[in-house]
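# Report on the structure
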Amino acid sequence: MEHVIADPVGTRHVVVTGAGGQLGAALLEAYPGARGLARADWDVALPPPALGEVGLVLHAAAWTDVDGAERDPQDAAAVNVGGTQHAAELGAPLVTFSTDYVFDGTKRTPYVESDPPSPQSVYGRTKLHAEAAAGDEAWIVRTSWLFGWTSTNFVRTMLRLGAERDEVSVVDDQRGSPTFVGHLAAATHELTALPYGVWHVAADGDCTWAEFAEAIFEEAGLDCRVRRISTEELGRPAPRPAYSVLRSERQGAPQLPHWRDGLRECLARLR
Ligand SMILES: NC(=O)c1ccc[n+]([C@@H]2O[C@H](COP(=O)([O-])OP(=O)(O)OC[C@H]3O[C@@H](n4cnc5c(N)ncnc54)[C@H](OP(=O)(O)O)[C@@H]3O)[C@@H](O)[C@H]2O)c1
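Calculation criteria
Residues numbered from 1 in each chain as written. Predicted model: local features only at pLDDT ≥ 70, side-chain atom pairs only at ≥ 80, totals over all residues. Heavy atoms only, no water. Near = heavy atom within 4 Å. Polar contact = N/O pair within 3.5 Å; in protein donor to acceptor, adjacent residues only side chain to side chain. Areas by Shrake-Rupley, 256 points an atom, 1.4 Å probe, with all protein chains shown as cover. Helix = DSSP H or I, 4+ residues; strand = E, 2+ residues; numbered from the N terminus. Nonpolar A, V, L, I, M, F, W, Y, C, P; charged D, E, K, R; others polar. Disulfide = S-S within 2.5 Å. Buried < 20%, exposed > 50% of the residue type's maximum accessible area, 1.4 Å probe, protein only. Pairing = 2+ DSSP bridges. Right-handed = clockwise from strand over helix to strand, strands pointing away. Core = buried A, V, L, I, M, F, W, Y, C linked by side-chain atoms within 4.5 Å. Contact = heavy atoms within 4.5 Å. Axes fitted to C-alpha atoms, helices over the stretch in contact; angles between N-to-C directions.

Neighbouring residues of the ligand: 23 residues in total, closest Gln 22, Asp 43, Thr 64, Tyr 123 and Lys 127. In this structure, an oxygen atom belonging to the ligand sits 2.7 Å away from a side-chain N or O atom of Thr 64. A distance of 3.2 Å separates an oxygen atom of the ligand from a polar backbone atom of Phe 97. Within the complex, the protein chains bury 81% of what would otherwise be the 900 Å² of accessible surface of the ligand. For the shell around the ligand, the secondary-structure elements that each account for two or more residues are α1 (22–30), β4 (94–99) and α4 (122–133). With 3 residues, β4 is the largest single contributor of residues to the shell around the ligand. When the residues that make up the shell around the ligand are grouped by side-chain class, the tally is 11 nonpolar, 9 polar and 3 charged.

Below, the structure is given as structure tokens:
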């Protein structure tokens, strides 16, 4: 069911789950006065605590260890599927975040909302089931390759490695759109004035992880070479889509800045 509502809640009575994560941190900045819940406040695999009046739930808590999910599929599902269902049980409109990994990556043009999902990994399957668990009063935001100024992410890892080493090996056969959490959090405001349902919201432009690493070193002024390797050479347990650029085919979809602008903003926060 789709239903248009104007943003009726402002930032009062907004609950942010996953407040200790990188997107959670950005959402708390974008929604001043929102109540942030970290894992210690609510393990989302368990039913929700009594939270009083809630006007909007921004559900950023998730099992995001893609390789770890292959080893522990039940716990990953308990957090991702069970957690989303529990967030919906709070009884308020819900924004929940999904992933480009619901697609198999065989396309070579951007994935839009009407493309059939076909997840190849346990993580991708749990996130697809989580979409179904979100209920009817939900905006399901599929996004990709998130990075921000907190938590563990590719940008922070590359900054550390780039300062320690002369060369890093990075995969060059996966293409996507690295999305800055600050831009995604700002777009969440726009989204809640739009109809419920699935929305693709990712940065403009695309690149491979190796190209992204080169851009990070260039923007940060680090003298580190990137050795381009294949996914097979890296040998991670979970399969990743070779191509997972997301674009929206829906009218009025929020448009995010280019990933390189996001990278510059993120680096400015880290200096
Ligand atoms: N990262 C990406 O590249 C990416 C791409 C596309 C979509 N997404 C989606 O975007 C959303 C936000 O991801 P993110 O990058 O901000 O991830 P993140 O930095 O890993 O944050 C996730 C947060 O969820 C918390 N969490 C994990 N299990 C929990 C539980 N059982 N109960 C309560 N909290 C729990 C984590 O707590 P701990 O710190 O204690 O583990 C962490 O603070 C997720 O839905 C993710 O699937 C992410």
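Here we come to the state of the cysteines. Evaluation of the coordinates by the stated rule reveals 0 disulfides. Just so you know, Cys 207 is unpaired, no disulfide at all, and the nearest cysteine sulfur is the one on Cys 266, 14 Å from it.

On any regular strand, side chains alternate: one points to one face of the sheet, the next to the other face. β4 sits mainly inside the fold: 6 of its 6 residues count as buried. Pairing of strand β3 (residues 56–59) with β4, which is carried by 3 bridges, proceeds in the parallel orientation. Within β4, the position partnered with Val 57 by the bridge is Leu 94. Bridge count between β4 and strand β5 (residues 138–143): 6 bridges; the pairing is parallel. Bridged to Thr 99 within β5 is Thr 143. Read from β4 through α4 to β5, the crossover connection turns out right-handed.

Looking now at the nonpolar core. Note that soluble globular proteins tend to have their nonpolar side chains buried in a common cluster. Formed by 75 residues in total, the largest nonpolar core has its most connected members in Met 158, Val 170, Phe 212 and Leu 263. The biggest single contributor to this core is helix α7 (residues 209–220), with 7 residues. Not counting residues up to four positions away in its chain, the partners in contact with Met 158 are Val 168, Val 170, Ala 213, Ile 216 and Phe 217. Counting residues in each nonpolar core, the second largest holds 7 residues, with Val 102, Phe 103, Tyr 243 and Leu 246 among its members.

Bringing the sheet that holds strand β10 (residues 197–200) into the picture now. Taken in spatial order, the 6 strands of this open sheet run β2-β1-β3-β4-β5-β10, and their pairing is parallel. Strands at the two margins of the open sheet, each flanked by one partner only, are β2 (35–37) and β10. Along the sheet, successive strands turn relative to each other by an average axial angle of 20°, direction set aside. Both strand β1 (residues 14–17) and β3 contribute to a ladder of 4 bridges, which runs parallel. Among the inter-strand pairings, Val 15 is bridged to a residue of β3, identified as Val 57. Across the face of the sheet, α4 comes into contact with β4, β5 and β10 while running at roughly 155° to β4.

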